Every structure is written in C-alpha cells, then in structure tokens.
Amino acid sequence: MTTYPNLLAPLDLGFTTLRNRVLMGSMHTGLEDRARDLDKLAEYFAERARGGIGLMVTGGFAPNKTGSLYPLASKLSTRGEAGKHHVLTDAVHESGGKIALQLLHAGRYSYHPLSVSASSIKAPINPFRPRALSERGIRKQIADFGRAAGLAREAGYDGIEIMGSEGYFINQFLAPRTNKRTDSWGGTPEGRRRIAVEIVRAARAATGPDFIIIYRISLWDLVDGGQTWDEVLALAGEIEQAGATLLNTGIGWHEARVPTIVTSVPRAAFTGITAKLRPHIGIPIVTSNRINMPQTAEEVLARGDADLISMARPLLADPDWVRKAETERADEINTCIACNQACLDHTFSLKRATCMLNPRAAHETELRLLPTRRARHIAVVGAGPAGLSAAIGLAGRGHAVELFEAEESIGGQFAIAQRIPGKEEFGETIRYYRRQLELTGVKQHLGTPASAETLAAGGFDEIIVATGVTPRMPAIPGIGHPSVLSYVDVVKHGKPVGDRVAVIGAGGIGVDVSEFLTHAGSPSLDLRAWQAEWGVTDPELARGGVTEARPEPAPHQVYLLQRKETRIGKGLGKTTGWVHRAALKAKHVQQLTDVRYDKIDDAGLHISFGDKHERPQLLAVDTIVVCAGQESARGLAEELTALGADPHVIGGAELAAELDAKRAIDQGTRLAASL
Ligand code: NAP
C-alpha cells in the first residue's frame, strides 16, 4: 500500500519499462558545455538515478553549431563528442536509472550571429536577428537532428527528447508569429508543422524502434500569434504517427509575458491542458510546471490529467524526492519553492546552475557532507536559513549541535516571506528544516536568546553566529510618527494599514510588501484569479491562449519609493524580476524614484524630487511602511570575541547589505562541510 499509487506505478513502453511516473525535466546546468565537466554531470545524474527517478532528461544539446544556445555551448554532432558521454550514461545505468538526451535547437533564441529560423524575425529577448533558412537549409537541420539522435543512441542514452516548445527553433516554425514563409514549410498549419514531423521521423529512422523518443510539444504558447488548439491537436497526432514514444509538455515561450514557473504560479496550474489533449492521442503524455510535492503529483495523475509528471527544479532541490515518496517520507522533502535564484538566474547569467535550497546540486563531487571522524559539541545561534542549514548539515555529519533561537519558532526571514501572496512555498522550507532538525537530533532552544556568557561557559568546541539582521530605520524627521511601521510589523505582526500607503525602499522586500498590500487574497492559491490577473485563457478560445488581463482591484493605493534614479526592481532576480514589476504595474502601484524624504507628519510623507530636490510634494498617505534594508545583528558576535571566543559569523549577521538566502544557505552548508 502506498499513498501515491499512480505516481509510483511503472509505465510499460513496450520495449522498456519506466519504474515510476516521474520524469526529470531538462535543465541546463552549465556542466554540459565542456567535455571535462561531464564527470561532474555524471555524478549529478547518478545521484538522482539512485534517488529513484523513472526517466531523466539532460540539459539541451544542439544538433549543430547554428542551433547552439550561445557560442561554444553544448552540442552533439560528432562521433568524438558522443564518445565522451559514456561516462555519464554508464554512471546512470550503474545507478539503476534511465536517461534521455535533449536535442535543443535554439533557432532565433541562439545568442550568436549565426542563428537561423523560419523567418528573419528578431526575438524580443535576443539582440541577434536570425537568418531565414532556405529549403536546403531546412533539410540540413532535419538531417542534423537525425544524426544527433543516432549519436545519442551510440553514446548509451535510453532515448532523446526533441525540444519542440518554449519558443525554440521547432516552435518558431509552428507559429504564425514567427513563421511567415509561403513555401511548403509555412503558409498553412500543415506547412508550419512539417519540420517538426520530419524531425521526429528522421530521429526514429536513425535510432530504430526500441529507443525512447520524447517530443516536447508546446500546448500553450502564451504569446500573440501562437498556435490554435486545432493546430496543436493535429500536430500531436502527426508526431505520434511519426514515431514519438512520449509527449512531454511545454508551457509558454521564453518571450511570453505570462509567468509559467515562478513561485507565484499556482501549483499544477497547467495540467488542465494535458488533460484536454490526452483523449486525442494514443501515447503517454507528460504534464509539467509547478508540481513539486508527491501529493500534488498524485492528484494530477489520479484525475487523469496525464500519464507522467515532469519536474526539473524539484529534483535539483532534492535528489531523493522519489525515494522519500516511496517510503512515505514526503515531510522530509526539500521542496522546490520555485525561486529560480540559483538555477535559472544562474543559467541566464552563464553561471553553473545549482539550487538555493541545495547548494550541492551540480556540485556533488565538490561539496560533500561526509560523516565526521571527530564529533564536536557545536552551538548555532539563530534559526534563519544560515543557522538552519549549518545546524542540520553539522548534525547530519554526526556533530552534537545545539540551536538557540530568540523567537518561539524557526525560519527567520523565511517566516516573513511565506506570508507574501505568491510566496507561500517558503513555508515548505521551514517544514523541511523543522523535520531535519528532529531527524538529525539537533537540540533546540527556541524562545531562548543566547547570551555571550552562557555560550562561552557552555563548553562548546565551536560557536556559529547566525543572528541575522535588524530592519534599518532611516533618520527621517518624524520617523517616530504613529503612521510609520516597519515591514515586520505589517507582514509578520499584521498591524493594520490605511487605504493609502507609502513604502520607503524598493528592494526585494519593498516590492514584496507592495504585493502584500495590493492583493486581497493570494492568486497563487486560486487558479482562476491567477489566470485573470495574467490574461491566460483556453487556447481553444484564443490563439496562443492569451487574452486581456483582468487583475482584481488593489485594496490599498500604494506608492513605492526609492532614492536611486534607477528603475525600480533592477536588483531583483533575472528571471523573476519582470514578474514582480508586471504585478506592481497591474495593481497600479505608483513607483517614484530619485526621491528625497523630507519629513513625516500628520499630513503624510513629504518628499522632493529633481537634481537639487527642488520639487517638493506631499504624499497624503495614512501609513508609511519602512523597507529600507537591514543592518547586521552582530552584537553577540562582538561580545563573544571580547570574551576570547572565535565564533563563525554567517548569513545576514556577517553581511546584511546583500542579505540573501542563497548566500546564507550556501555559507551554512559549506561551513557544516568544513568543521
Ligand atoms: P535591499 O534590497 O537592500 O533594499 C533596501 C531598499 O531601501 C533600497 O531600495 C534602498 O534604496 C532603500 N534604502 C536603503 N537605505 C536607506 C535609507 N537609509 N533610507 C531610505 N531608504 C533606504 O533590502 P531589502 O528590500 O530589505 O531586501 C533584502 C534582501 O532580501 C534582498 O537583497 C534580497 O536578497 C532578499 N529578498 C529578495 C527578494 C526576491 O524577490 N528575490 C524578495 C525579498 C527579499 P535607495 O537607497 O535607492 O533608497
């Protein structure tokens, strides 16, 4: 008996059987690009194969140079390249797993001047204009896909995935948005889908019948000029006929202005679309996007929305996700919170991807938490992300750890973040840490501010100070006025706020607070409200599945202010910042930059603008919420040093200026690995 009978059921593909319904979706880690990193990539996949995943898909490999994502990015077009992959495929097979190589032709998303596409139309997210392919050029791309598929088989892969979604090359042929051709590769829906079908045929011809071919189909383009539902249906049928084994799902082009994977997207928001397609096809279909826990996955499969679940980031966060589901330990899962901070934000900055919550991801051979040979007695002060990651890392290695936290509960800044609409997932991280503290036997002293004297006298071999930060209160005349609150008062303690609100400081927290104040409920918990906010509709009703957005009116009028002249939200995440900026715009948040704060009184907040701040203005607001950054809480560290102790100071206590959970968890984990 299992809680997840659908999720854990094997899937017989005729010539091979997948051990369960979990597919690890393709993620580019950056380790694909250089042959010398393939052993690191091998261990990354082997660890996940040991974790029980049914079928894994590599990051994208281009079938030729023109299709590569950027100069010298991963490709598979020669025998020499294929030979180097055995280290990876062998490691996966020895660990009991199965792996498919993704063939990704970027088309007009290629970040180099040699890019090609159906038509010469520049993508809004890429400065390079593609060249429109000739008939001969198209034939060559198809042949290159076929050859790469054959090479993948030679390299020991169990299959390939042909990337037909997300606005990449094949998708560019499928949609009238990007395919303006009048020859037999465009003009009509049949013409536009011809290349996709011929690529699948070529791949099947090159690999034989007993090889997994996944075709990733774009079911919801989420762009104007995307495909109609009829076109998608016809494509799916022809892809099946051409020899695909599985259909995987892609949602939204990279240039779409609808968020598809960030935290604020409701869980399993797009599985309705695979449910809509499933009755029309005879091969298994994989559903995708924002499925991160076994219960959610089980519900999706039990409803019949799909045959398999694809997860990418959740398996970065926890390689043992499947094992934990199999052994009824879902409460031990390190749940992906869809923050993108260390995975996609890294990829788009050409840095190696990892996971904010699991810094070992894609660093398996370099960051190990091995059992200690010399168990020590260690105090950790502060149960925010830095202290928690250090505590469980150390205790997991066999050290005797005592954790002191002044508050009655753990979480630190995450306890605040989980109250922001669209950030509820942060609560899962707190649950994960809570469970790991129990499992690793950390002795917890909650509601216990630790003093330097008790720590110094406590007989600890090491003391780790992770006391975090205190919110900064800027020295504005009138800052003590009763209309002034800190973000902690508002978000954590629920202090009442008037109709008109000024938010001082527009960093990550100022933006979060503005979203908190402009949402009555949480769209991420209400699929219909979320779809209305972002203009998402059934692709049967509108080409591409996009319509006019109809956000709920905001319950407060918010002014979001900063002193800098730069655009608000500039420092937010590369792949998430635009979502926050669009959400603020939709809620009519007034964004003011280059502001000087003159004073606060009964009339409101007095500010001025301009080079010499010659333009005074009164913002007649009822409440002023201060989100002006933080200062390190270092008092304890300094007292300990004065007493002759040598504490390790990590997280916000070490550096508040870049207060950042990614750095905090990384620091905590690395310190735990080193002691
Ligand atoms: P922050 O990013 O440092 O922003 C502080 C804001 O306060 C800035 O807009 C700054 O702008 C303003 N400020 C600084 N000193 C001020 C002063 N003396 N008087 C008035 N205004 C002042 O800090 P945060 O917003 O508190 O966020 C902290 C960290 O949490 C972030 O760095 C981020 O890592 C993390 N976080 C991230 C997210 C996310 O979405 N990824 C969300 C929340 C938090 P001016 O100096 O121009 O006025």
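Parameters and conventions
- Residues numbered from 1 in each chain as written.
- Predicted model: local features only at pLDDT ≥ 70, side-chain atom pairs only at ≥ 80, totals over all residues.
- Heavy atoms only, no water.
- Domains from an automatic or database assignment.
- Contact = heavy atoms within 4.5 Å.
- Buried area = accessible area lost by both parts, 1.4 Å probe.
- Salt bridge = Lys/Arg side-chain N within 4 Å of Asp/Glu carboxyl O.
- Polar contact = N/O pair within 3.5 Å; in protein donor to acceptor, adjacent residues only side chain to side chain.
- Nonpolar A, V, L, I, M, F, W, Y, C, P; charged D, E, K, R; others polar.
- Helix = DSSP H or I, 4+ residues; strand = E, 2+ residues; numbered from the N terminus.
- Expected span 1.5 Å × (residues − 1).
- Buried < 20%, exposed > 50% of the residue type's maximum accessible area, 1.4 Å probe, protein only.
- Axes fitted to C-alpha atoms, helices over the stretch in contact; angles between N-to-C directions.
- Parallel < 35°, antiparallel > 145°, perpendicular 65-115°, else oblique.
- Left-handed = near helix turned anticlockwise from the far one by under 90°.
- Pairing = 2+ DSSP bridges.
- Right-handed = clockwise from strand over helix to strand, strands pointing away.
- 1 Å grid on protein atoms, 1.4 Å probe; cavity = no way out; pocket = protein on both sides within 12 Å on 5 of 7 lines; lining within 4 Å.
- Points joined across faces, edges and corners; volume = space filled by probe spheres on them.
- Disulfide = S-S within 2.5 Å.
- Core = buried A, V, L, I, M, F, W, Y, C linked by side-chain atoms within 4.5 Å.

Colleague: How do you make sense of the domain arrangement of the protein chain when you look at a structure like this?
Modeller: Bring the parts together and some accessible area is lost; that lost area is often taken as the interface size. When its domains are assigned, the protein chain resolves into domain 1 (11-347), domain 2 (377-471 + 631-674) and domain 3 (484-519 + 554-628). Each of domain 2 and domain 3 has a C-alpha centre, and the two are 30 Å apart. Facing the eight residues of domain 2 at the interface are nine residues of domain 3. Buried surface at the junction of domain 2 and domain 3, summed over both partners, amounts to about 950 Å²; 68% is from carbon and sulfur atoms. If you look at where domain 2 meets domain 3, you find two salt bridges. For K423, the salt bridge is made with D512, and the minimal N-O distance between the two is 2.9 Å. Our count for the contact surface shared by domain 2 and domain 3 stands at two residue pairs in polar contact (both at pLDDT 80 or more). Grouping the constituent residues of the side of domain 2 that touches domain 3 by class yields four nonpolar, one polar and three charged.

Colleague: Looking at this structure, I do not really get helix α22 (residues 661-674). What am I missing?
Modeller: The periodicity of an α-helix, 3.6 residues per turn, causes residues three or four places apart in sequence to face the same way. Counted at 1.5 Å a residue, the expected span for α22 with its 14 residues is 20 Å, and the 20 Å between its end C-alpha atoms agrees. Every buried residue of α22 is listed here: A661, R663, A664, I665, Q667, G668, T669, L671 and A672. Looking at the buried side of α22, the elements it contacts are α13 (385-397), α14 (413-417), α15 (426-440), β16 (462-465) and β27 (648-649).

Colleague: Just checking my understanding: could you explain unusual backbone geometry for this structure?
Modeller: Excluding glycine, a negative phi dihedral is what most residues carry, and trans is how most peptide bonds are arranged. Even without being a glycine, L222 presents a positive backbone phi close to 60 degrees. Here the phi dihedral of N289 falls at roughly 85 degrees; this positive angle occurs in a residue that is not glycine. Mapping N289 onto the fold places it in the loop between β11 (286-287) and α9 (294-302).

Colleague: I would appreciate a short explanation of the packing of helix α1 (residues 38-50) against helix α3 (residues 86-94) in the present structure.
Modeller: Each pair of packed helices can be described by the angle between their axes along with the distance between the axes. Where α1 contacts α3, the two axes come as close as 8 Å, and the packing angle between them is 15 degrees. Relative to α3, the element α1 lies roughly parallel. The handedness of the crossing between α1 and α3 comes out as right-handed. Contact with α1, carried on its side by L38, D39, L41, A42, F45, A46 and A49, involves V87, L88, A91 and V92 of α3 and no other residues of that element. Taken together, the residues of the contact of α1 with α3 sort by class into ten nonpolar, no polar and one charged.

Colleague: So what exactly am I meant to see when it comes to the sheet that holds strand β8 (residues 159-164) here?
Modeller: Within a sheet, neighbouring strands are paired by backbone hydrogen bonds and run either parallel or antiparallel to one another. Within the open sheet, the eight strands sit side by side as β10-β9-β8-β5-β4-β3-β12-β11. Their pairing is parallel. The open sheet has two edge strands, β10 (246-251) and β11, and neither has a second partner. Note: strand β5 (residues 99-103) against β8, four bridges, orientation parallel. Within β8, the position partnered with A100 by the bridge is G159. Each of β3 (22-24), β4 (55-61) and β5 touches α1; the most contacted strand, β4, lies at about 160 degrees to it. Against the sheet, helix α4 (residues 135-154) makes contact with β5 and β8, and its axis sits at roughly 160 degrees relative to β5, the strand it touches most.

Colleague: Please explain the environment of D224 as it appears in this structure.
Modeller: With respect to the element layout, D224 can be found in the loop between β9 (212-220) and α7 (229-242). Overall, D224 belongs to the exposed group, its relative accessible area being 57%. The spatial distance from the C-alpha of D224 to the C-alpha of G67 is 24 Å, given a sequence separation of 157 residues. In this structure D224 touches R177 and V546, once residues within four positions along its chain are discounted.

Colleague: Can you walk me through the pairing of strand β20 (residues 557-561) in this structure?
Modeller: Remember that side chains alternate between the two faces of the sheet whenever the strand is regular. Two strands pair when backbone bridges link them, and strand β19 (residues 500-504) and β20 are joined in this way by five bridges, in the parallel orientation. Bridging across to β20, V503 finds its partner in L560. Judged from the three bridges that link them, β20 and strand β21 (residues 590-592) form a sheet pairing that is parallel. Note on β21: the bridge partner recorded for Y559 is Q590. For the segment spanning β20, helix α20 (residues 577-586) and β21, crossover handedness is right-handed.

Colleague: Would you explain empty space enclosed by the protein in this entry?
Modeller: Regions of empty space are outlined by a rolling probe, equal in size to a water molecule, passed over the atoms. What the rule picks out here adds up to three cavities of 30 Å³ or more. Approximately 100 Å³ is the volume found for the largest cavity. Every residue lining the largest cavity is counted, 15 residues in all, and those nearest its centre are C336, C339, C343, C355 and M356. Considering only residue class, the lining of the largest cavity consists of eleven nonpolar, three polar and one charged.

Colleague: Where do I start with the environment of S110 in this structure?
Modeller: Residue position: S110 is located in the loop between β5 and β6 (116-117). For S110, a relative accessible area of 0% puts it in the buried group. Between the C-alpha atom of S110 and that of I624, which follows or precedes it by 514 residues, the distance is 46 Å. Leaving out residues up to four positions away in the same chain, S110 has contacts with T66, G67, S68, L69, S115, N126 and F128. Of note is the side chain of S110, whose polar atom sits 3.4 Å from the backbone oxygen of T66.

Colleague: What is the right way to read the side chain of E231 from this model?
Modeller: As for its placement among the helices and strands, E231 is situated in helix α7. Apart from the residues lying within four places of it in its own chain, the contact partners of E231 are L174, P189, R192, R193 and R543.

Colleague: It is not clear to me how the packing of helix α6 (residues 189-207) against α7 should be interpreted in this structure. Could you clarify?
Modeller: Their axes nearest at 9 Å, the elements α6 and α7 cross at an angle of 25 degrees. Classified by the interaxial angle, the pair formed by α6 and α7 is roughly parallel. When the axes of α6 and α7 are compared, the crossing they make is right-handed. Along the contact surface, α6 presents P189, R192, R193, A196, V197, V200, R201 and R204, while α7 presents E231, A234, L235, E238, I239 and A242. Across the contact of α6 with α7, the residue classes break down as eight nonpolar, no polar and six charged.

Colleague: Could you clarify how one ought to interpret the sheet that holds β19 in this entry?
Modeller: With respect to topology, five strands assemble into an open sheet ordered β18-β25-β19-β20-β21, the strand pairing being parallel. A strand with exactly one partner marks an edge of an open sheet, and here the two such strands are β18 (484-486) and β21. Mean inter-strand twist for the sheet, computed between neighbouring axes without regard to direction, equals 25 degrees. Contacting β19, β20 and β25 (623-626), helix α18 (residues 508-518) runs over the sheet at an angle of about 175 degrees to β20.

Colleague: Hey, could you run me through the state of the cysteines in this one?
Modeller: Simply put, the disulfide is a covalent bond whose two ends are the sulfur atoms of two cysteines. Using the criterion set out here, one finds zero disulfides in the structure. C343 supplies the cysteine sulfur nearest to C336, a cysteine that is in no disulfide, at a spacing of 6.6 Å.

Colleague: Is there a simple way to think about the nonpolar core in this case?
Modeller: Most often, soluble globular proteins keep nonpolar side chains buried together rather than apart. If you look at the biggest cluster of nonpolar residues, it comprises 158 residues, and the most contacted ones within it are I162, Y215 and L247. Beyond its immediate stretch of four places on either side in the chain, L247 contacts Y215, I217, A236, I239, L277, I281, I283, P284, I285 and V286. Grouped together as the second largest cluster of nonpolar side chains are 22 residues, L560, L584, V625 and C627 included.

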